[in-house]
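Close look at the chain arrangement
Now for the letters of each chain:
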Amino acid sequence: MRSILVTGGAGFIGANFVAYLRSKRPDARVTVLDKLTYAGNIENLKAVEKETGFNFVKGDITDAPLVESIFAKEAIDAVAHLAAESHVDRSITGPKAFIETNVLGTFTLLETAKRHWLSDGALKAHGARFLHVSTDEVYGSLGDEGYFTEKTAYSPNSPYSATKAGSDHLVRAYFHTYGLPVITTNCSNNYGQYQFPEKLMPLVIINALKGAPIPVYGDGRNVRDWLYVEDHCEALYLALEHGALGETYNVGGRSERANIDIVRRVCSMIDEAVKDKGLAALYPCDKPRESLITFVKDRPGHDRRYAIDCSKIEAQLGWSPRHSFEDGLQRTVDWYIANRRWWERILSGEYMRFYESNYGARLKERS
Ligand code: NAD
Ligand code: TYD
């Protein structure tokens, strides 16, 4: 029976991954280690938190004694490492937390896994696997043509991508130097349920619902390759269970879109949804929501285009995205409409008070 440590499991992709993992491997023991930073939200784990075989620990991946105690107590034989500081804009104004969590935190996990799984250079924990979840942003920016492959040279441009690149290199080094059983995935932009409303997709959906200005950086022609989060979770699961050790896999949606086109599509979807669902009184807006688009000063060092060649994971692990962009986007829009309390609580700061009164004491006891 596997005992899997999921770091960052209360965040956007982490919470979706835990749900996916529970459905695929109900027999496995799952321990989430999450610091519950501003981006972590224990409510994201509501569906699984009381299940047997699930365990939540509030804590920091840089806390070596804590990580050590989890490995020892839970006999961890698989790690899905998602914990990170993940927002580019925040990395520009405050890079230190990115270095601590993304680099030092990854180092702490690797060291602990090495101590528990290897003995005299040999793997003593048979079947043990460390999945490092990374991003396509480590490859830098593309021009109008071409795709990132697993062989593309690293060229990170933001403090966020630089720290993710640093962590990728550490993971690679622990394989080559010590024989730690690692797999790395580099994925494109995700969207879907539970995404914190500072990232483009939820920010646009929520502002469009509220009739608030929708900020588009620069000329809006920056291109990202969008992947629905459940498809990413499936790729992560396949890589964790079947990925070749020491390999990296690019994961992408084959769905390149310019930001401005996405924003316009979200606006029209919200116009339709508000009309169809009879929500005009809740979300009044007397003009097409496209008129809310506001071009603002560009992000410094803003990468122009990301696009993933995911043929390796398709050929070797049989993965491909199941959701078209339209389908994934509609699901996402519907989720944010149906879960207004979730994002209202976050935006108003009420979540922190709710969290303290409902979980605070209990989590302090357990951590
Ligand atoms: P997120 O910001 O939504 O969640 C990050 C989680 O990590 C939060 O729950 C937070 O509390 C936790 N965390 C942060 N610092 C921690 C620490 N020191 N110790 C323990 N927990 C800590 O991020 P996300 O979008 O879910 O991304 C998850 C992973 O996937 C990251 O490693 C990110 O680099 C990678 N990734 C994200 C995307 C994307 O589009 N969101 C794309 C490719 C790769
Ligand atoms: P983001 O969701 O922050 O992801 P990343 O920077 O990791 O790709 O941003 C996606 C794209 O949207 C990126 O090109 C920046 C742009 N963007 C805006 O135009 N306006 C916004 O308010 C945000 C948050 C992002």
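An account of the accompanying structure is given in this report.

1. A word on the site of ligand 2
Ligand 2 sits among 16 residues. The nearest are E137, Y217, R224, R299 and H302. Within the side chain of N259, one N or O atom sits 2.9 Å away from an oxygen atom of ligand 2. The separation between an oxygen atom of ligand 2 and a polar side-chain atom of R299 is 2.5 Å. The protein chains hide 96% of the 510 Å² of surface that ligand 2 would expose on its own. When residues of the shell around ligand 2 are traced back to their parent elements, those giving at least two are α6 (200-210) and β10 (214-217).

2. Considerations on the site of ligand 1
Surveying the vicinity of ligand 1 reveals 28 residues, the closest of which are I13, D34, S86, Y160 and K164. Separating a nitrogen atom of ligand 1 from a side-chain N or O atom of T101 is a distance of 2.9 Å. Between ligand 1 and V133 there is a distance of 3.4 Å, counted from an oxygen atom to a backbone nitrogen or oxygen. The protein chains hide 97% of the 840 Å² of surface that ligand 1 would expose on its own. Elements supplying a minimum of two residues to the shell around ligand 1: α1 (12-24), β7 (129-135), α5 (159-178) and β9 (189-191). At three residues, the largest contribution of residues to the shell around ligand 1 is made by β7. By residue class, the composition of the shell around ligand 1 is 12 nonpolar, 12 polar and four charged.

3. Brief notes about the packing of α1 against helix α7 (residues 229-242)
Packing of α1 against α7 leaves a shortest axis separation of 9 Å and a crossing angle of 60°. Viewed along their axes, α1 and α7 adopt a mutual orientation that is oblique. As α1 packs across α7, the resulting crossing turns out to be right-handed. Here α1 contributes F12, I13, N16, F17, Y20, L21 and K24 to the contact with α7, which in turn contributes V229, H232, C233, E234, L236, Y237 and L240.

4. Details of the environment of V296
Tracing the chain through its elements places V296 in strand β14 (residues 293-296). Among all residues touching V296, those that are not within four sequence positions of it are P215, V216, Y217 and G218.

5. So, the sheet that holds strand β1 (residues 3-7)
In space, the seven strands of this open sheet follow the order β3-β2-β1-β4-β7-β8-β12, with parallel pairing throughout. In this open sheet, the two strands that pair with only one neighbour each are β3 (54-58) and β12 (248-251). Between one strand axis and the next, the sheet turns through 15° on average, direction left out of account. The sheet contact formed by strand β4 (residues 78-81) and β7 spans four bridges and is parallel. Residue pairing in the sheet places V79 in a bridge with F130 of β7. Lying over the sheet, helix α4 (residues 96-117) contacts β1, β4 and β7, oriented at roughly 165° with respect to β7. The strands touched by α7 are β4, β7, β8 (182-187) and β12; relative to β7, the strand with the most contacts, the crossing angle is about 145°.

6. Overview of the packing of helix α10 (residues 325-338) against helix α11 (residues 340-348)
Where α10 contacts α11, the two axes come as close as 5 Å, and the packing angle between them is 70°. In terms of their interaxial angle, α10 and α11 are classed as roughly perpendicular. Every residue of α11 that contacts α10 at W335, Y336, I337 and A338 is listed here: R340, W342 and W343. The residue makeup of the contact of α10 with α11, split by class, is six nonpolar, no polar and one charged.

7. Notes on the sheet that holds strand β11 (residues 223-228)
One open sheet holds the three strands; their spatial order is β9-β11-β13, and the pairing between them is mixed. Looking at strand neighbours, the two that pair on one side only are β9 and β13 (256-258), the edges of this open sheet. Going across the sheet, the axis of each strand differs from the next one's by a mean of 50°, ignoring polarity. Pairing of β9 with β11 involves three bridges; the strand directions are parallel. Across the sheet, the residue bridging to N189 is W226, located in β11.

8. Looking at the pattern of salt bridges
A complete count under the given rule lists 29 salt bridges for this structure. Between R25 and E241 there is a salt bridge, with its nearest N and O atoms 3.0 Å apart. Here R25 is found in the loop between α1 and β2 (29-34), whereas its partner E241 is found in helix α7, with 216 residues between them in sequence. The pair R25 / E241 is uniform in exposure class, with both members buried. Beyond isolated ion pairs, a larger network of salt bridges with shared partners links R2, R25, D27, D77 and E241.

9. Description of the side chain of H232
Locating H232 in the fold gives a position in helix α7. Within the local environment of H232, its side chain forms a polar contact with the side chain of N190, the two groups lying 2.7 Å apart. For H232, the residues in contact, after removing those within four places along its chain, are I13, V133, C187, N190, L227 and V251.

10. Thoughts on α6
The element α6 is largely enclosed, with a buried count of eight among its 11 residues. Of the residues making up α6, those classed as buried are M201, P202, V204, I205, I206, N207, A208 and L209. Phi turns positive one or two residues past the end of α6, at G211, with a value near 75°.

Reading guide: rules and limits
- In this numbering scheme, every chain counts its residues from 1 along its sequence in written order.
- Here every chain gets a letter starting at A, and every ligand a number starting at 1, in the order they are written.
- Selection of residues for local features in this predicted model requires a pLDDT of at least 70, selection of side-chain atom pairs for listing and counting requires 80 or more, and totals for whole chains, interfaces and linings are taken over all residues.
- Here the side-chain values reflect all heavy atoms present in the structure, with hydrogen atoms and water set aside.
- Definition of nearness: a residue and a molecule or strand are near each other if at least one heavy atom of the residue lies within 4 Å of the molecule or strand.
- In protein, a polar contact requires one atom able to donate a hydrogen and another able to accept it; more generally it is a pair of N or O atoms within 3.5 Å, and residues adjacent in sequence count only if both atoms are side-chain atoms.
- Residue burial considers only the protein chains on display, and all accessible areas are found by Shrake-Rupley using a 1.4 Å probe.
- We count a stretch as a helix when DSSP gives it H or I for four or more residues in a row; a strand needs E for two or more, and each element gets its number in order from the N terminus.
- Each residue is assigned to one of three groups, with Ala, Val, Leu, Ile, Met, Phe, Trp, Tyr, Cys and Pro labelled nonpolar, Asp, Glu, Lys and Arg labelled charged, and all others, Gly among them, labelled polar.
- Fitted lines through C-alpha atoms give the axes, limited to the stretch in contact for helices. The angle between two N-to-C directions lies from 0 to 180 degrees.
- The cut-offs work like this: below 35 degrees is roughly parallel, past 145 is roughly antiparallel, 65 to 115 is roughly perpendicular, and the gaps in between are oblique.
- With the far helix as reference, a near helix turned anticlockwise by less than a right angle produces a left-handed crossing, and one turned clockwise produces a right-handed crossing.
- The criterion used for residue contact is that any of the two residues' heavy atoms lie within 4.5 Å.
- The rule for pairing is simple: two strands pair if DSSP sees at least two bridges between them.
- Any Lys or Arg side-chain nitrogen located within 4 Å of an Asp or Glu carboxyl oxygen qualifies as a salt bridge.
- Between buried and exposed lies partly exposed: a residue is buried under 20% and exposed over 50% of the maximum accessible area for its type, with that area taken using a 1.4 Å probe on protein chains only.

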